[in-house]
Amino acid sequence: MAPPSPHSRASVRPLPLDALYEVLLRVPAKDLCRLRAVCRPWRALLSDLNFIAAHAARHPEPLIVAAHHSDGLAAGHHLFGIMDLSGRVIKRVVRPGQKEWVMTALLDVVCVLTTNDMSYLLFNLATGVVSALPHGFAEEHSRRPRDISDYRHLVAVGKVASTGEYKVLRVLDKYFEQEQLCEVFTLDGSSHARWRGKKASPDSLHPHPWNRVTINGIVYFLSHEIVKDQGNLSLRIASFDLETEEWRAILRAPLNVRYIPIGNLSMASLNGCLVVIHYIRHWPSMDLWFLKDFEKGLWAKQHSIPLKSGFLYEDIPVRPLLVLNDGRILYYEEQKLLRIYDPKTCTSTDVAEIGPYYEIGWYTGSLLSLPEGAGA
């Protein structure tokens, strides 16, 4: 094959930078991550914070953070991954073999408990920074007769709007002895930061991770306590303000029935609103109750969603994840399926089979802001 003539070489000119900028804005983020390897100028452009912000505004689709539990047997296990709404895994975080549990995934932070020594790691997905939290009890609880591994750990992470700081709330539960300890840690980058003991919740809190949710710096917990009113029963909801680091007034859950197994209820955040999910087992479906007024304790049932199949008493088989821009609701069912419910037609469709995950949350940042070492 004859080499190209000098005239043909001269006719191939690089795109002007502003034109290249506009073209790359239209390319999906996963492909742009690979295009960083083309050359140094492209890497600089695709890593520029202004470009990342402009690309995120052009592609506002949220991403799912889906977490496994590690059994500690594999030399390198997939601890959690980031996927799009079709169920396609875009990034994976792989860890060396040790027993780790993802406790919560919220905003850009994933909190992991290492069960060998009951220590915590916080993964900041946007920066790639992994922060190890201090071991052991808060100083206020350090004289306990038991080891911290004797307690069940209820963990939540949230962001304080007034300061932008992330805080970790943990409740250490010794259920059979009716003891719960409350501790808070502020992630401020200080080497002197420590767990701080706080007053315990007035209610005994349920340990299942889907029975707690963080919304706008408030952590809500479904309680074991039951309210009796003229023969009917309803459960109570405790809430902790991460800014004031105090428990708020007890909120009464929306249902009033003759019998409520706690396995029939869980909580979620949809459109920034606290939602109680009631599972109806004999006719597989879930009712979504939205909190309208905290002070007045006003709730409204906005959706009743048919489920694909029935489930056992101890299961919590479905979790609402997101209200899409068109009003449809994305949810996770049967420990494996992503499904979308359309309120206009009262029907659901399968989106993807993604397999069993223990914890599911949202990554609110851009895929381009993920560090390149975050996995693939």
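These numbers were taken from a predicted model, which means no experiment stands behind them.

Undergrad: Just to check I follow, could you spell out the sheet that holds strand β19 (residues 285-293) for this structure?
TA: Strand pairing in a sheet is mediated by backbone hydrogen bonds. Such pairs are either parallel or antiparallel. Read across the open sheet, the four strands follow the order β17-β18-β19-β20; overall the sheet is antiparallel. Looking along the sheet, the strands with just one partner apiece sit at the ends: β17 (265-270) and β20 (298-306). On average, each strand axis in the sheet is inclined to that of its neighbour by 30°, with strand direction left out of account. In this sheet, β20 lies alongside β19 in antiparallel orientation, the contact comprising eight bridges. If you follow M286 over to β20, its bridge partner there is I305.

Undergrad: Explain the pairing of strand β10 (residues 179-187) to me, please; I cannot follow it from the model alone.
TA: Remember that side chains alternate between the two faces of the sheet whenever the strand is regular. Along β10, eight of the nine residues are buried, which leaves the element largely enclosed by surrounding structure. The sheet contact formed by strand β9 (residues 166-174) and β10 spans nine bridges and is antiparallel. For Y166, the partnering residue across the bridge sits in β10 and is L187. In terms of strand pairing, β10 meets strand β11 (residues 196-198) through three bridges, oriented antiparallel.

Undergrad: What am I meant to see in the pattern of salt bridges here?
TA: Note that side chains of opposite charge can pair when their charged atoms are close. Summed over the entire model, instances satisfying the criterion amount to 16 salt bridges. Here E183 and R170 are joined by a salt bridge, their closest N and O atoms 2.6 Å apart. With E183 in strand β10 and R170 in strand β9, this residue pair connects regions lying 13 residues apart in the sequence. Taking relative accessible area as the criterion, E183 reaches 0% and is therefore assigned buried. Owing to a relative accessible area of 0%, R170 belongs among the buried residues under this scheme. D203 serves as the salt-bridge partner of R236, at 2.8 Å between the closest nitrogen and oxygen. Here R236 is found in strand β14 (residues 232-241), whereas its partner D203 is found in the loop between β11 and β12 (212-215), with 33 residues between them in sequence. For R236, a relative accessible area of 25% gives the class partly exposed. Taken together, the shared-partner salt bridges in this structure form one network comprising K167, R196, K198 and E245.

Undergrad: What should I look at first to understand the side chain of K167 in this one?
TA: Turning to its location among the elements, K167 is positioned in strand β9. A distance of 2.8 Å separates a polar atom in the side chain of K167 from a polar atom in the side chain of E245. What K167 contacts, discounting residues up to four positions off in sequence, is A156, V157, G158, V160, V184, F185, T186, R196, L242, E243 and E245.

Undergrad: Is there a simple way to explain the packing of helix α2 (residues 17-25) against helix α5 (residues 49-58) in this structure?
TA: Packed helix pairs are specified by the crossing angle of their axes together with the interaxial distance, meaning the distance between the axes. Here α2 crosses α5 at 45°, and the two axes come no closer than 10 Å. On the basis of the axis angle, α2 is oblique to α5. Of the two elements, α2 crosses α5, and the hand of that crossing is right-handed. Contacts between α2 and α5 involve Y21, E22, L24 and L25 on the former and, on the latter, N50, F51, A54, H55 and R58. A class-by-class count of the residues in the contact of α2 with α5 yields five nonpolar, two polar and two charged.

Undergrad: Please explain the sheet that holds β9 as it appears in this structure.
TA: The strand order β8-β9-β10-β11 describes an open sheet built from four strands, whose pairing is antiparallel. The open sheet terminates on both sides in strands that have one partner only, identified here as β8 (152-159) and β11. The mean angle between the axes of side-by-side strands here comes to 25°, regardless of whether they run parallel or antiparallel.

Undergrad: Whenever I open this one, the nonpolar core confuses me. Can you help?
TA: If you look at soluble globular proteins, the nonpolar side chains tend to sit buried side by side. L24, F51, V65, F80, V110, F123 and L125 are the most contacted members of the largest nonpolar core, which totals 30 residues. Contacts of V110, omitting those with residues within four sequence positions, involve V65, F80, V102, T104, A105, L121, L122, F123 and L125. If you look at the next biggest cluster of nonpolar residues, it comprises 20 residues, including M103, V109, M118 and I148.

Undergrad: Is there a simple way to explain the packing of aromatic side chains in this structure?
TA: Two descriptors summarise a pair of aromatic rings, namely the distance from one centre to the other and the angle between the planes of the rings. This model, assessed by the stated rule, comprises seven aromatic pairs. When the ring of F80 is compared with that of F123, the centres are 5.6 Å apart and the planes differ by 85°; the resulting orientation is edge-to-face. Of this pair, F80 sits in strand β2 (residues 76-83) while F123 is found in strand β6 (residues 119-124), placing the two residues 43 residues apart along the sequence. As far as the burial class goes, F80 and F123 line up, both buried. Geometrically, the ring pair formed by F137 and Y151 is edge-to-face, given 5.8 Å between the ring centres and 85° between the ring planes. Remark: Y151 occurs in the loop between β7 (130-132) and β8 and F137 occurs in the loop between β7 and β8; sequence separation between them is 14 residues. Each member of the pair F137 and Y151 is classed as buried. One aromatic cluster is present, formed by Y120, F185 and W195 through successive ring pairs. The positively charged end of R170 is found above the aromatic ring belonging to W195, 3.8 Å away from the centroid. Directly above the ring of F294 sits R248, whose terminal nitrogen or CZ lies 4.0 Å from the centroid.

Here is what the cut-offs are and how they apply
- Residues numbered from 1 in each chain as written.
- Predicted model: local features only at pLDDT ≥ 70, side-chain atom pairs only at ≥ 80, totals over all residues.
- Heavy atoms only, no water.
- Pairing = 2+ DSSP bridges.
- Helix = DSSP H or I, 4+ residues; strand = E, 2+ residues; numbered from the N terminus.
- Axes fitted to C-alpha atoms, helices over the stretch in contact; angles between N-to-C directions.
- Buried < 20%, exposed > 50% of the residue type's maximum accessible area, 1.4 Å probe, protein only.
- Salt bridge = Lys/Arg side-chain N within 4 Å of Asp/Glu carboxyl O.
- Polar contact = N/O pair within 3.5 Å; in protein donor to acceptor, adjacent residues only side chain to side chain.
- Contact = heavy atoms within 4.5 Å.
- Parallel < 35°, antiparallel > 145°, perpendicular 65-115°, else oblique.
- Left-handed = near helix turned anticlockwise from the far one by under 90°.
- Nonpolar A, V, L, I, M, F, W, Y, C, P; charged D, E, K, R; others polar.
- Core = buried A, V, L, I, M, F, W, Y, C linked by side-chain atoms within 4.5 Å.
- Phe/Tyr/Trp six-rings, centres within 6.5 Å; stacked < 30°, edge-to-face > 60°.
- Lys NZ or Arg CZ within 6 Å of the ring centre and 35° of its normal.

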